[in-house]
Amino acid sequence: VSAAWRFSEEGFFEPLKDIVSNGKIRMSWGKVGNNSGVDRYYQKDTYSSYPYTFGNNVLVEGYAPYKLIDPNFTWESTAMTNLGLELSFFNNRLKMELDLYNKLTTSMIRPGQVSRLLPGLEAPDRNIGEMRNRGAEISLSWQDQIADFSYGVGINYSYNKNKLLKWNERLGRGDKFLRYPYEMVYTYKAIGIVQTWEEVANAPYQSDNLAPGDLLMEDINGDGMIDSNDKVAMPNSMRYIPTSDFSISFNADWKGFDLSMLFQGNAGRKNFWLDNFNNVNVYTSRYAFQEHHLDTWSPDNRGAKFPRLTSGSNGGFNQEQSTFWLYSCDYIRLKNIQLGYRIPSKILKNIGVNSVRIHVSAENLFTITKWPGLDPEKLPKSGSEIPYPLMKNYNALKRYSMKRAMRDILLLVVLLVQTSCIDNLLDYPATTKISADTFWETTEDAEKGVNAVYNAMRNAFGLFYRLDCYPNADLVYFQNANSQSITSDYWNKCYASVNRANNAIMQLRRMQG
């Protein structure tokens, strides 16, 4: 259900038209169902092999249900209310869109629990809880033109905060609390690295292996020992879903040249930099050390950034999730940049080409972030899940040296100039056979000339230039044109293309001479 009011069309708004070009308020409400992750036959009884004993303890193969079924299991539903405002200013050069939303998800589908009195049975998925998401999205754009220069800037920003409202089963300590964000950071609070045995003796009991160089955790409940009861909740830091996403785009155009850029990022998320590449509790074999392992604690390096290196589990809490390993995942990245030039159509029309655009582009050029891992955008849920490294991509004339590129560009320029400035290139009527001395002094010169021009265009600029007949046409092909059953129209086009190429090559020879 939706409704909107374009108030800028009302009579009372007429005096503001010079400033506010367009204005609209809209509101919508909707409800959708979701059964994602539920198999087609999930609610059917499922049996598995189960041994029974009869008589004198004789085992007999049988079958029994292995999964409980919730007869009240149903769709997860989400109701969403949205309020929006659209404004345009200064003859639509500046545009703004603002959306506020409230989303309530009920009957959340989550794994259930099963009683200890029912061993061997799998707990079913159930409709367990309710969660609310509230947020805002805003979009701003400016588009303008000054003489031959046109440009545009766009900004998008979204903010979302969720809260767990209900949970129908036992909710233990963890990253899910009632009236708190769903999957927030819940971890130990690290005090620092223990420096002396005296500090070890005065510290709360943490493990039998605690020694100088190990991480020390804070005793939150003051019971003299470190355990899971000493973890703290951080409701302002999400682990897997950022609270904010944003992007900034820019585009400009001037006399055939164009430039575009896109910056992208998010904020409001923290995670633990704990994986196989920075493990200080190393394995006894088959382990590759990284550069940061050079800055681990030792008696000679007490100001080290990382705890001491140990083997196996001797490091105690050194590899536990704690604030020591907790890093911000906020980032901003230059996602894409492209610079291009579109060759004017008046130059291209004489060679039968509609448009040509030469451009260089790059992706993922740089990322600004405090996250020390591979990619703050793609985070693993465990230390063994290592995301694939982010790749930088370049599209440019990278296969050519500067000297060769300049030679190819010169050939193309000569060809373009000749085909655009000489009106009467076709001085000879089409014949059934082209002899070598009609256009070139020798057959060898002709073949070298045609190949130089077309290879230059194809290799340097990625254009697969056709002679409107076949891409690999050469002088022999034209000399035997009658036997190829080519139509008169195609023959004339081929003839014109060769003639233009010959003029370009002759001009290049004069320049070199």
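Residues numbered from 1 in each chain as written. Predicted model: local features only at pLDDT ≥ 70, side-chain atom pairs only at ≥ 80, totals over all residues. Heavy atoms only, no water.

**Considerations on the overall build of the chain**
On a plain count of helices and strands, the chain comes out with seven helices and 24 strands. Taking as baseline every contact in the chain between residues at least 6 positions apart, the subset at least 24 positions apart corresponds to 64%. For the chain, the accessible area works out to roughly 30,900 Å², and carbon and sulfur atoms hold 53% of it. (Helix = DSSP H or I, 4+ residues; strand = E, 2+ residues; numbered from the N terminus. Contact = heavy atoms within 4.5 Å. Areas by Shrake-Rupley, 256 points an atom, 1.4 Å probe, with all protein chains shown as cover.)

**So, the layout of surface pockets**
The calculated volume of the second largest pocket comes to roughly 420 Å³. Listing elements by their share of the lining of the second largest pocket, those giving two or more residues are β6 (94–106), β7 (109–111), β9 (129–146) and β10 (149–167). It is β10 that contributes the most residues to the lining of the second largest pocket, four residues altogether. When the residues that make up the lining of the second largest pocket are grouped by side-chain class, the tally is nine nonpolar, nine polar and six charged. (1 Å grid on protein atoms, 1.4 Å probe; cavity = no way out; pocket = protein on both sides within 12 Å on 5 of 7 lines; lining within 4 Å. Points joined across faces, edges and corners; volume = space filled by probe spheres on them. Nonpolar A, V, L, I, M, F, W, Y, C, P; charged D, E, K, R; others polar.)

**A word on the packing of aromatic side chains**
Per the stated rule, a full pass over the model turns up 14 aromatic pairs. When the ring of Phe149 is compared with that of Tyr151, the centres are 5.6 Å apart and the planes differ by 20°; the resulting orientation is stacked. With a relative accessible area of 33%, Phe149 lands in the partly exposed category. Owing to a relative accessible area of 18%, Tyr151 belongs among the buried residues under this scheme. With a centroid separation of 5.9 Å and an interplanar angle of 20°, the aromatic rings of Phe306 and Trp325 are classed as stacked. Residue Phe306 is located in the loop between β18 (281–282) and β19 (310–311), and its partner Trp325 is located in the loop between β19 and β20 (326–328); the two are separated by 19 residues in the primary sequence. (Phe/Tyr/Trp six-rings, centres within 6.5 Å; stacked < 30°, edge-to-face > 60°. Buried < 20%, exposed > 50% of the residue type's maximum accessible area, 1.4 Å probe, protein only.)

**Re the nonpolar core**
Among the nonpolar cores identified, the biggest contains 21 residues, and Met217, Trp273, Trp325 and Trp371 are the most heavily contacted of them. The set of elements that each furnish at least two residues to this core consists of β12 (190–193), β13 (215–217) and β20. Every residue in contact with Met217, bar those within four places of it in the chain, is listed here: Tyr188, Lys189, Ala190, Ile191, Gln206, Ile226, Phe317 and Ser322. (Core = buried A, V, L, I, M, F, W, Y, C linked by side-chain atoms within 4.5 Å.)

**Details of unusual backbone geometry**
A positive phi is found at Asn91, a non-glycine position, where the angle reads about 60°. Here Asn91 shows up in the loop between β5 (76–89) and β6. Located in the positive-phi region is Ser107, a residue other than glycine, with phi close to 55°. Within the element layout of this structure, Ser107 appears in the loop between β6 and β7. Overall, Ser107 belongs to the partly exposed group, its relative accessible area being 26%.

**Digging into the environment of Arg26**
The topology assignment puts Arg26 in strand β2 (residues 20–34). In this structure Arg26 comes out as buried when scored by relative accessible area, which is 19%. C-alpha of Arg26 to C-alpha of Ala3: the two residues are 23 residues apart in sequence and 5.7 Å apart in space. When neighbours within four sequence positions are excluded, Arg26 is seen to be in contact with Ala3, Ala4, Asn82, Leu83, Gly84, Glu86, Glu97 and Asp99. Here the side chain of Arg26 touches Glu86 through a polar contact of 2.8 Å, side chain to side chain. A distance of 2.7 Å separates polar atoms of two side chains, one belonging to Arg26 and the other to Asp99. (Polar contact = N/O pair within 3.5 Å; in protein donor to acceptor, adjacent residues only side chain to side chain.)

**Digging into the confidence of the model for the chain**
With 73% of its residues at a pLDDT of at least 70, the chain reaches an overall mean of 78. Per-residue pLDDT stays below 50 along residues 416–441; that stretch engages in 53 contacts with residues further than four places along the chain or on separate chains. (pLDDT = per-residue confidence, 0-100.)

**What to know about the pairing of strand β21 (residues 331–342)**
Where strand β16 (residues 257–267) lies against β21, 10 bridges are found, and the strand directions are antiparallel. Bridge pairing links Met261 to Ile337 in β21. Sheet analysis places β21 next to strand β23 (residues 367–369), joined by three bridges and oriented antiparallel. The partner of Arg333 across the bridge, within β23, is Thr367. Here seven bridges tie β21 to strand β22 (residues 357–363), and the two strands are oriented antiparallel to one another. Note that in β22 the partner of Asn336 across the bridge is Glu363. (Pairing = 2+ DSSP bridges.)

**A few points about the pattern of salt bridges**
Per the counting criterion, the structure on display carries 15 salt bridges. Lys166 serves as the salt-bridge partner of Glu130, at 3.8 Å between the closest nitrogen and oxygen. With Glu130 in strand β9 and Lys166 in strand β10, this residue pair connects regions lying 36 residues apart in the sequence. A salt bridge links Asp258 to Arg357, with the nearest nitrogen and oxygen atoms 2.5 Å apart. Here Asp258 is found in strand β16, whereas its partner Arg357 is found in strand β22, with 99 residues between them in sequence. Arg357 sits in the partly exposed class, given a relative accessible area of 26%. When salt bridges with common partners are traced through the structure, they connect Lys24, Arg26, Glu86, Glu97 and Asp99 into a single cluster. (Salt bridge = Lys/Arg side-chain N within 4 Å of Asp/Glu carboxyl O.)

**With respect to the pairing of strand β4 (residues 58–65)**
Direction of pairing for strand β3 (residues 47–54) relative to β4: antiparallel, over a ladder of eight bridges. From the neighbouring strand, Thr53 faces β4, where its bridge partner is Leu59. Counting the residues in the hairpin turn of β3 and β4 gives three residues, including Gly55, whose phi is positive at 60°.

**Section: empty space enclosed by the protein**
One pass over the structure, following the stated rule, counts one cavity of 30 Å³ or more. Within this model, the largest cavity holds a volume of roughly 40 Å³. If you trace the largest cavity, you find it lined by Asn160, Lys161, Asn162, Met238, Ile241, Pro242 and Thr243. The residue inventory of the lining of the largest cavity, partitioned by class, reads three nonpolar, three polar and one charged.

**Digging into the side chain of Asn22**
Along the chain, Asn22 turns up in strand β2. Exposure remark for Asn22: the relative accessible area of 14% places this residue in the buried category. Here the side chain of Asn22 touches Arg6 through a polar contact of 2.5 Å, side chain to side chain. Within polar-contact distance, the side chain of Asn22 engages the side chain of Ser8 at 3.5 Å. When neighbours within four sequence positions are excluded, Asn22 is seen to be in contact with Arg6, Ser8, Glu86, Leu87, Ser88 and Asn92.

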